[in-house]
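Residues per chain are reported as follows:
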Amino acid sequence: MDAKVEERAARTLQLAQDLALQRRDWILQRVGWILLGLVVIGALLGLFGAGPLSKAVAGRQEGELWVEYRRFWRLQSTMDLQINVGAAAVTGRQVRIRISRAYLESASLERIVPQPQRVEVGPEFFTYTFDTEAPGQPVAMMLAIEATLPGPLTGKIALKRGPQVEFTHFIYP
Amino acid sequence: MDAVLRGTVVYVFLLIIFRISGKRSLGQVTTFDFVLLLIIAETTQQALLGDDFSVTNSFLLIVTLVTIDIGLSLLKRHSQRLDRMLEGTPLLIVEHGRPLEEYMKKARIDEQEVMQAARELQGLERLDQIKYAVLERNGDITIVPKQETK
């Protein structure tokens, strides 16, 4: 049918139809619609930022140290990071947490709640010291982080003389 | 460098999106389509500018977008294939008063839209007065009426 219509149209109307291309177009369009739908579903699930697929935990939950972070986030928008220290690791009146310098170099630390008592700088890690209410109680610190570079972003967080956890966000441009 | 990259990425992205959404989105803009376009423009603007609101940045963006546009139009003149890929091809949808159902369905055009165009453009009353109806590349429907033989 295509060839005949095309031929008649070209003869009488001078119409530059290209039905083969048109049909390819339609197929690509429909594939495109499916892709758009998948993007929307992916976004709802958290493939591009907030959502269940993006939520992750590094380290053993209810252990000595675990970090709740986002697998996927976007450039220049603030993401939450929660550092949890289990009861077993809070022995004295202070908790000391080390955050890798490389991490803080490619992401800016917008906020840290509560404010640390003291910050020490080292070649590889920054050490944040917090006073605790009483030993033997689990504590948590909330960080707000804004990635300044796209791509994978790896952070290391450790307890001073304790376990270390490593996690990677993927930052969309 | 940022402005040029942003401009290029957004240009290509919008080109693909509007191509995927099909001709219907561009021709015959309804009020709601218009509102949607405004929202798209507003959303794009932020991605384009980022957090740099300087005059230089906006100039660079405008220059980038216009340059790509000119470049593509030159390329399209050289390559008919590219032209057809980017802009699509016209499509015959009514032939001698007979609607070509399959094409109309695929192109998401119904008979009423053809008749609307026929009334607007030629003052025609019935489908059988249409010799040819063509869905043009810009999404408009054009009508060639049958010659009345009295």
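Just above, that's the structure.
Worth saying up front: this structure is predicted, and the values here are computed from it rather than measured.

A few words now on the overall build of chain A. Secondary structure summary: chain A contains 3 helices and 11 strands in total. Traced from its N-terminal end to its C-terminal end, chain A shows the element sequence α-α-β-β-β-β-β-α-β-β-β-β-β-β. By the compact-globule yardstick of 16 Å for 173 residues, chain A is too spread out, its C-alpha radius of gyration being 26 Å. Overall, chain A is about 90 × 30 × 20 Å in size when its C-alpha atoms are taken along their principal axes. When burial is assessed residue by residue, chain A has 21% of its 173 residues classed as buried. Within chain A, contacts between residues separated by at least 24 positions form 64% of all contacts whose residues are at least 6 apart in sequence.

The next point concerns unusual backbone geometry. All names here are of chain A. Between Val 113 and Pro 114 the backbone carries a cis peptide bond, its omega angle lying at -5°. Its place among the elements puts Pro 114 in the loop between strand S6 (107–113) and strand S7 (118–121). Unusually for a residue other than glycine, Glu 62 sits at a positive phi of about 65°. Among the secondary structure elements, Glu 62 is positioned in the loop between strand S1 (55–58) and strand S2 (65–70). Looking at Glu 62, the number of C-beta atoms within 10 Å reads 11, which means it is exposed. The backbone of Gln 76 shows a phi angle near 55°, a positive value even though the residue is not glycine. In this fold, Gln 76 is placed in the loop between strand S3 (72–74) and strand S4 (78–85). When the 13 C-beta atoms within 10 Å are taken as the criterion, Gln 76 is described as partly exposed.

Right, let's get into the sheet that holds strand S10 (residues 151–159) of chain A. All names here are of chain A. If you walk across this open sheet you meet the 6 strands as S3-S11-S10-S5-S8-S7, and the pairing is mixed. Only two strands of the sheet have a single partner each, and these edge strands are S3 and S7. Here the strands of the sheet are splayed against their neighbours by 30° on average, with no regard to which way each runs. Of the pairings in the sheet, the one linking strand S5 (residues 94–100) to S10 comprises 3 bridges and is antiparallel in character.

Taking 1.5 Å as the rise per residue, helix H1 (residues 2–13) of chain A with 12 residues should run 16 Å; its terminal C-alpha atoms sit 16 Å apart, in good agreement. Trailing H1(A) by a residue or two, A:Gln14 shows a phi angle of about 55°, which is positive.

Turning our eyes to something else, we now look at the sheet that holds S1(A). To summarise the sheet geometry, strands pair through backbone hydrogen bonds and adopt either a parallel or an antiparallel arrangement. All names here are of chain A. The 5 strands are arranged S1-S2-S4-S9-S6 in an open sheet whose pairing can be described as antiparallel. At either margin of the open sheet sits one strand with a lone partner, and together these are S1 and S6. Taking the axes of each pair of neighbouring strands and ignoring which way they run, one obtains an average angle of 25° across the sheet.

A few words now on the nonpolar core. Among the nonpolar cores identified, the biggest contains 27 residues, and A:Val67, A:Leu81, A:Ile83 and A:Ile97 are the most heavily contacted of them. Of all elements in the fold, only S2, S3, S4, S5, strand S8 (125–131), strand S9 (139–147) and strand S11 (164–172) of chain A reach the threshold of two or more residues within this core. Filtering out sequence-adjacent residues up to four positions away, A:Leu81 remains in contact with A:Val67, A:Tyr69, A:Leu143 and A:Ile145. Ranked by size, the runner-up nonpolar core spans 18 residues in total, among them B:Tyr103, B:Ala107, B:Ile130 and B:Ile143.

Reading the values: the criteria
Residues numbered from 1 in each chain as written. Chains lettered and ligands numbered in written order. Predicted model: local features only at pLDDT ≥ 70, side-chain atom pairs only at ≥ 80, totals over all residues. Helix = DSSP H or I, 4+ residues; strand = E, 2+ residues; numbered from the N terminus. Rg over C-alpha atoms; globule rule 2.2 N^0.38 Å. Buried ≥ 20, exposed ≤ 12 C-beta atoms within 10 Å, placed from the backbone. Contact = placed C-beta atoms within 7 Å. Pairing = 2+ DSSP bridges. Axes fitted to C-alpha atoms, helices over the stretch in contact; angles between N-to-C directions. Expected span 1.5 Å × (residues − 1). Core = buried A, V, L, I, M, F, W, Y, C linked by C-beta atoms within 7 Å.

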